[in-house]
Amino acid sequence: MTPRTALTIAGSDSGGGAGIQADLRTFFAHGVHGLVALTAVTVQNSLGVQGFTEIPADVVTAQIKAVASDMGVNAAKTGMLATAEIIRAVAKTLDEVEVGPFVVDPVAASMTGDPLLREDALEAIRTELFPRATLITPNLDEVRLLTGVQVVDAASQRAAAEALLEFGSRWVLVKGGHMQGTAECVDLLSDGREYLELTGPRYETENTHGGGDTLASAITASLAKGASVPDAVAAGKKFIERCVAEGYPLGAGVGPVSPFWVLDKS
Ligand code: PLP
């Protein structure tokens, strides 16, 4: 039987913990065939991103068109988009091809603080991609960069959701994982009418590299299979919780979240 398909428009992580490497194995774990439009090649390890080279924007466009026109795309997500030119090219292409539900993970920097976006690109994500998005999934650092809102509690998390929805996405997930001093990890999902709090455990671990990518691709995989946004986000949160709980050290810096628990059928 032909599986459903999901497209990741994102960068490569030479360390294998984040980027398209995380997206593809998350799609696989969900029984979804992964498609790729590569945007950039990063040079990185557990200590940080040493640099990156972007793929020409017309090659990004051609990758999307090649798979969409032939194989069909049931849902798509973006990760690292590198430049404003690539972002504009992706936005234009999405007006020409059908990709189903569209998740924008507004990746701006790595956990080690290294930029994954050239400076003018954040504005392009806001104006070009958010209005086309079914769901956007910023973490708290990205919320601050995008809106100026510093999320410190439930009230500011809600204010951030309202500010982000102004940019035109259907839904926003304000991820609370990076909030200081909270015993639980509370994410807020909203379409401006409903405000759904998703609460989960907070794990004491350093090894969370690739967590944002993995969550966004888990959600995208469920959307590709026809789930509603609230159901896809709830399932994605359960998935990433297991990945974070079993994250492992690799290298001298930040280790990756673990996808291996899906193999344990005993
Ligand atoms: N490298 C690439 C190619 C990514 O797409 C991302 C996140 O989206 C990262 C690195 C950073 O991952 P993290 O913030 O988990 O370190």
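Residues numbered from 1 in each chain as written. Predicted model: local features only at pLDDT ≥ 70, side-chain atom pairs only at ≥ 80, totals over all residues. Heavy atoms only, no water.

### As for helix 6 (residues 154-165)
Inference 1: Taking 1.5 Å per residue as the helical rise, helix 6 with its 12 residues ought to reach 16 Å, and the 17 Å between its terminal C-alpha atoms agrees with that figure.
Inference 2: Listing the buried residues of helix 6 in full gives Ser156, Gln157, Ala160, Ala161, Leu164 and Leu165.
Inference 3: Considering only its buried residues, helix 6 is in contact with strand 6 (135-136), helix 5 (140-147), strand 7 (171-174), strand 8 (184-190) and strand 9 (195-201). (Helix = DSSP H or I, 4+ residues; strand = E, 2+ residues; numbered from the N terminus. Expected span 1.5 Å × (residues − 1). Buried < 20%, exposed > 50% of the residue type's maximum accessible area, 1.4 Å probe, protein only. Contact = heavy atoms within 4.5 Å.)

### Section: the UniProt feature "domain: Pyridoxamine kinase/Phosphomethylpyrimidine kinase" (unreviewed entry) in the protein chain
Inference 1: UniProt records the feature "domain: Pyridoxamine kinase/Phosphomethylpyrimidine kinase" (unreviewed entry) at residues 13-257, using the numbering of this structure.
Inference 2: A distance of 14 Å separates the end C-alpha atoms of residues 13-257, which is 40% helix and 20% strand. (UniProt positions renumbered as here; feature names shortened; annotations may be inferred.)

### Some points on the pattern of salt bridges
Inference 1: Scanning the model with the defined rule gives 11 salt bridges in all.
Inference 2: The partner of Glu96 in a salt bridge is Lys65, with the nearest N and O atoms 2.8 Å apart. Here Lys65 lies in helix 2 (residues 57-70) and Glu96 lies in helix 3 (residues 84-96), a separation of 31 residues in the sequence.
Inference 3: Each of Lys65, Lys92 and Glu96 takes part in one network of salt bridges that share partners. (Salt bridge = Lys/Arg side-chain N within 4 Å of Asp/Glu carboxyl O.)

### Things to note about the packing of aromatic side chains
Inference 1: Throughout the structure, instances matching the rule amount to 3 aromatic pairs.
Inference 2: Between Tyr248 and Phe260 the ring centres are 5.9 Å apart and the planes differ by 25 degrees, which places this aromatic pair in the stacked class. In this pair, Tyr248 sits in the segment after helix 8 (229-245) while Phe260 sits in the segment after helix 8, placing the two residues 12 residues apart along the sequence.
Inference 3: Judged by relative accessible area, which is 26%, Tyr248 ranks as partly exposed.
Inference 4: For Phe260, a relative accessible area of 49% puts it in the partly exposed group.
Inference 5: When the ring centre of Tyr195 is taken as reference, the NZ or CZ atom of Arg158 above it lies at 3.7 Å. (Phe/Tyr/Trp six-rings, centres within 6.5 Å; stacked < 30°, edge-to-face > 60°. Lys NZ or Arg CZ within 6 Å of the ring centre and 35° of its normal.)

### A few points about unusual backbone geometry
Inference 1: One non-glycine residue with positive phi stands out, namely Ala82, at about 70 degrees.
Inference 2: Structurally, the position occupied by Ala82 is in the loop between strand 4 (75-78) and helix 3.
Inference 3: Judged by its relative accessible area of 0%, Ala82 is buried.

### Considerations on the packing of helix 5 against helix 6
Inference 1: Look at helix 5 against helix 6: their axes get within 10 Å of each other, and the N-to-C directions meet at 55 degrees. What the angle tells us is that helix 5 and helix 6 run oblique. Here helix 5 runs over helix 6; the crossing is left-handed. In this structure, helix 5 uses Val143, Leu146 and Thr147 to contact helix 6, whose residues at the interface are Ala160, Ala163 and Leu164.
Inference 2: A breakdown of the residues in the contact of helix 5 with helix 6 according to their chemical character gives 5 nonpolar, 1 polar and no charged. (Axes fitted to C-alpha atoms, helices over the stretch in contact; angles between N-to-C directions. Parallel < 35°, antiparallel > 145°, perpendicular 65-115°, else oblique. Left-handed = near helix turned anticlockwise from the far one by under 90°. Nonpolar A, V, L, I, M, F, W, Y, C, P; charged D, E, K, R; others polar.)

### Description of the packing of helix 7 (residues 211-224) against helix 8
Inference 1: Across the interface, helix 7 lies against helix 8 with an axial gap of 8 Å and an inter-helix angle of 140 degrees. Accordingly, the angle class assigned to the pair helix 7 and helix 8 is oblique. For the element pair helix 7 and helix 8, the recorded crossing hand is right-handed. Across the interface between the two elements, Gly211, Thr214, Leu215, Ala218, Ile219, Ser222 and Leu223 from helix 7 touch Val229, Ala232, Val233, Ala235, Gly236, Lys237, Phe239, Ile240 and Cys243 from helix 8.

### Some thoughts on the site of the ligand
Inference 1: Taken together, 15 residues are adjacent to the ligand, and Gln44, Met111, His209, Gly210 and Asp213 come closest.
Inference 2: The contact in question runs from an oxygen atom of the ligand to an N or O atom on the side chain of His209, over 2.7 Å.
Inference 3: One of the side-chain nitrogen or oxygen atoms of Asp213 is found 2.4 Å away from an oxygen atom of the ligand.
Inference 4: When the free accessible area of the ligand is taken as 390 Å², the share hidden by the protein chains comes to 92%. (Near = heavy atom within 4 Å. Polar contact = N/O pair within 3.5 Å; in protein donor to acceptor, adjacent residues only side chain to side chain. Areas by Shrake-Rupley, 256 points an atom, 1.4 Å probe, with all protein chains shown as cover.)

### Some words on the pairing of strand 9
The side chains of a regular strand alternate between the sheet's two faces.
Inference 1: Summarising the sheet, strand 8 and strand 9 pair through 7 bridges and their orientation is antiparallel. Bridge pairing links Cys185 to Gly200 in strand 9.
Inference 2: Remark: 4 residues form the turn of the hairpin made by strand 8 and strand 9, two consecutive strands paired antiparallel; Gly192 in that turn has positive phi of roughly 95 degrees. (Pairing = 2+ DSSP bridges.)

### Remarks on the sheet that holds strand 1 (residues 5-13)
Inference 1: Here we have 9 strands laid out as an open sheet, ordered 3-2-1-4-5-6-7-8-9, and mixed in their pairing. Only two strands of the sheet have a single partner each, and these edge strands are strand 3 (48-54) and strand 9.

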